[in-house]
Amino acid sequence: MPVSLRYAARSDLGLGSKSRNEDSAYAGPELLLLCDGMGGHAAGDVASSLVVAELAHLDGESHGADDALDILERALEEANSRLADVMEVYPDSDGMGTTCIAMLRAGTKLAVANIGDSRAYLLRGGRLTQITKDHSFVQKLLDEGRIEPEEALHHPQRSLVTRVFTGRPEDQPDLSLRELRQGDRILICSDGLTDYAAEETVGEILAQTGRTPGQIADELIQLALRASTRDNVTVIVADAVPSGDGTTKPQVVGAASERRSTRRPTELTPAQKAAQLSREASGVPVADQGPVLAEEGPTSPFLRWLRRGLVGAALVAALGGAGYLAWGWSQTQYFVGEQDGMVTIYRGLAQDLGPIDLSVAEEETDLALEALPGYYQERVRRTLAASDRAGADTIVAELRSLAGTEQVQPVDDGAATSAPGTTGAPGTGTTSTGTTSTGGVSTRDLSTGDIATVTITALPGNRSLADLLDLGVTLGEEVSP
């Protein structure tokens, strides 16, 4: 029976320290697409925007069920090559990457591509099924039976992905073809939702009948915020409905829509207001004020001095005892970082307390940082936390497999295997030296209903990273619907 899609896309900055949204999503009659950019200063928001813009042209094109998967695969290869071209022209962007889930509808068939740890779920007949598999360090531990599903929920490295689009030819997504039935409900989401909200709770919200995709998407965003998500959170909810009853206007959210947006911000929830104030306050120095004693009635100067002295001594003793206990605990922690260009295992905490180092290099491995792909070099520089020494050894073993080197000493029987890799981010495309437009797509502003045009532009090759940010999808002049 013919079907169409009724959909809604939503995105939120989250309650963490990120000052910009690195997620991008596109929802259209034939295409559902979500990308979670990564790379920090290396412009993860640009990476997600670029991939969304490169694939948006698939929406509205005529695709047969037999060739939809091949068309989607070729489009993703071209988008990944585009990332390589950008990183070649703009060295400051080296290390950026993005996850991607793309669904291309062809009649009642759904071509699905997935790379990274963003997820897609299918609700059919009241049963929720995850239809994508995470490409992550924690998923590998689960597959090898080394941790239980309950441990995965709070694993310190649950955000470490093992495969994303980084511009390398070997960045290959998983591909599948699925049947789409009337009554199906699809959820595509970034890890800002699934890392903080229980899957059971997500399923209960999705199973609510009589509610539109927009209402469900809004509730999922609020669920993540109530769970204090520290990451950007983006969701697409789509219902398979009878042909002709679906949504017809595309929706673009996240980095792909916000870069040049001039919309008035929507009313903030109390949690969002608190997060905004926290971010604003983080860069403002606060005067160092000592404890203020409330004086009760007239007291002689000697008694005031004695009281303050006793209070001060008690504070020093309490802080000293707490500091000793904290120091002892810190020395049971481990993390993986970099020292003199080599991957190194540290004991202690990655943070310093003023002039006091809270960590010591315990073992400098023979794995050179430059042997890792750019994204993982950045992750190691920012340090990877481990719960114990065995966990640190496991992280190093995984990094060896990503670098394509043989493991010197196995951590566990069959725990880590070698995998081919490269040390750079080669691109097969040519460097652009002029300004060229690569296409556009109409979008609807979710708050006003206005239509805007999304375009992507390639800039000259002698610009800075600040100019590179303009490579993301920008909104053109709004016109009346």
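Residues numbered from 1 in each chain as written. Predicted model: local features only at pLDDT ≥ 70, side-chain atom pairs only at ≥ 80, totals over all residues. Heavy atoms only, no water.

Trainee: So what about the pairing of strand β1 (residues 3-12)? Which residues, and what values?
Mentor: A large share of β1 lies buried, amounting to 8 of its 10 residues. In this sheet, strand β11 (residues 233-242) lies alongside β1 in antiparallel orientation, the contact comprising 10 bridges. Residue Ala9 lies in a different strand from β11, and its bridge partner there is Ile236. (Buried < 20%, exposed > 50% of the residue type's maximum accessible area, 1.4 Å probe, protein only. Helix = DSSP H or I, 4+ residues; strand = E, 2+ residues; numbered from the N terminus. Pairing = 2+ DSSP bridges.)

Trainee: I'd love a proper account of the side chain of Arg185, names of residues and values included.
Mentor: Note that Arg185 resides in strand β10 (residues 185-189). Reaching out from Arg185, the side chain makes a polar contact with the backbone oxygen of Leu206 at a distance of 2.8 Å. With residues near it in sequence (within four places) discarded, Arg185 still touches Tyr121, Leu122, Leu123, Leu206, Gln208, Arg211, Ile216, Val237, Ala238 and Asp239. (Polar contact = N/O pair within 3.5 Å; in protein donor to acceptor, adjacent residues only side chain to side chain. Contact = heavy atoms within 4.5 Å.)

Trainee: Tell me about the confidence of the model for the protein, residues and numbers included.
Mentor: When pLDDT is averaged along the protein, the result is 76, and 67% of the positions lie at 70 or above. Long-range and interchain partners of residues 259-299, a stretch whose pLDDT sits below 50, account for 40 contacts in this model, where long-range means more than four residues apart. (pLDDT = per-residue confidence, 0-100.)

Trainee: Give a description of the packing of aromatic side chains that names residues and reports values.
Mentor: Evaluated as defined, the whole model comprises 1 aromatic pair. Between Phe335 and Tyr346, the ring centres sit 4.9 Å apart and the planes meet at 0°, which makes this aromatic pair stacked. Here the residue Phe335 occupies a position in strand β13 (residues 334-339), and Tyr346 occupies one in strand β14 (residues 342-353), the gap between them amounting to 11 residues. With a relative accessible area of 12%, Tyr346 lands in the buried category. (Phe/Tyr/Trp six-rings, centres within 6.5 Å; stacked < 30°, edge-to-face > 60°.)

Trainee: How would you summarise the pattern of salt bridges if you had to cite specific residues and measurements?
Mentor: In total, this model carries 24 salt bridges according to the counting rule given. Arg347 serves as the salt-bridge partner of Glu362, at 3.0 Å between the closest nitrogen and oxygen. Taken as a pair, Glu362 in strand β15 (residues 356-368) and Arg347 in strand β14 lie far apart in primary sequence, 15 residues in all. When its relative accessible area of 34% is taken as the criterion, Glu362 is described as partly exposed. Take Arg347: its relative accessible area is 26%, and that puts it in the partly exposed class. With a shortest N-O distance of 2.7 Å, Arg389 and Glu362 are connected by a salt bridge. A residue pair is termed long-range when its members are at least 10 positions apart, and Arg389 in helix α12 (residues 389-403) and Glu362 in strand β15 qualify at 27 residues. (Salt bridge = Lys/Arg side-chain N within 4 Å of Asp/Glu carboxyl O.)

Trainee: Can you explain the nonpolar core? Please cite residues and give values.
Mentor: By size, the foremost hydrophobic cluster in this structure holds 35 residues, and its most contacted members are Leu33, Leu55, Leu72, Met96 and Cys100. At the level of elements, β3 (31-38), α1 (44-55), α2 (68-89), β5 (100-106) and β6 (109-115) are the ones that each hand at least two residues to this core. Ranked by the residues each element gives to this core, the list is headed by α2, at 10 residues. (Core = buried A, V, L, I, M, F, W, Y, C linked by side-chain atoms within 4.5 Å.)

Trainee: Quick one: what's the story with the layout of surface pockets, residue by residue and with numbers?
Mentor: There is about 870 Å³ of room inside the second largest pocket. If you list the elements that add at least two residues to the lining of the second largest pocket, you get β3, α11 (374-381) and β16 (384-386). Counted by class, the lining of the second largest pocket contains 7 nonpolar, 10 polar and 12 charged residues. (1 Å grid on protein atoms, 1.4 Å probe; cavity = no way out; pocket = protein on both sides within 12 Å on 5 of 7 lines; lining within 4 Å. Points joined across faces, edges and corners; volume = space filled by probe spheres on them. Nonpolar A, V, L, I, M, F, W, Y, C, P; charged D, E, K, R; others polar.)

Trainee: Requested: an account of the environment of Leu142, with residues and values cited.
Mentor: Structurally, the position occupied by Leu142 is in helix α3 (residues 137-143). Classification of Leu142 by relative accessible area gives partly exposed; the value is 26%. When residues no more than four places from it in sequence are discounted, the contact partners of Leu142 are Ile147, Glu148, Pro149 and Ala152.

Trainee: Give me the environment of Ala390: which residues, what numbers.
Mentor: By the element assignment, Ala390 lies in helix α12. For the pair formed by Ala390 and Tyr334, sequence separation is 56 residues and the distance between their alpha carbons is 9.2 Å.

Trainee: An account of the sheet that holds β10 is needed here, citing residue identities and associated values.
Mentor: The strand order β1-β11-β10-β7-β8 describes an open sheet built from 5 strands, whose pairing is antiparallel. Among the strands making up the open sheet, the edge pair consists of β1 and β8 (127-130). The average angle at which neighbouring strand axes cross in this sheet is 20°, direction not considered. Against the sheet, helix α6 (residues 199-206) touches β7 (119-124), β8 and β10, its axis set at about 125° to β8. (Axes fitted to C-alpha atoms, helices over the stretch in contact; angles between N-to-C directions.)

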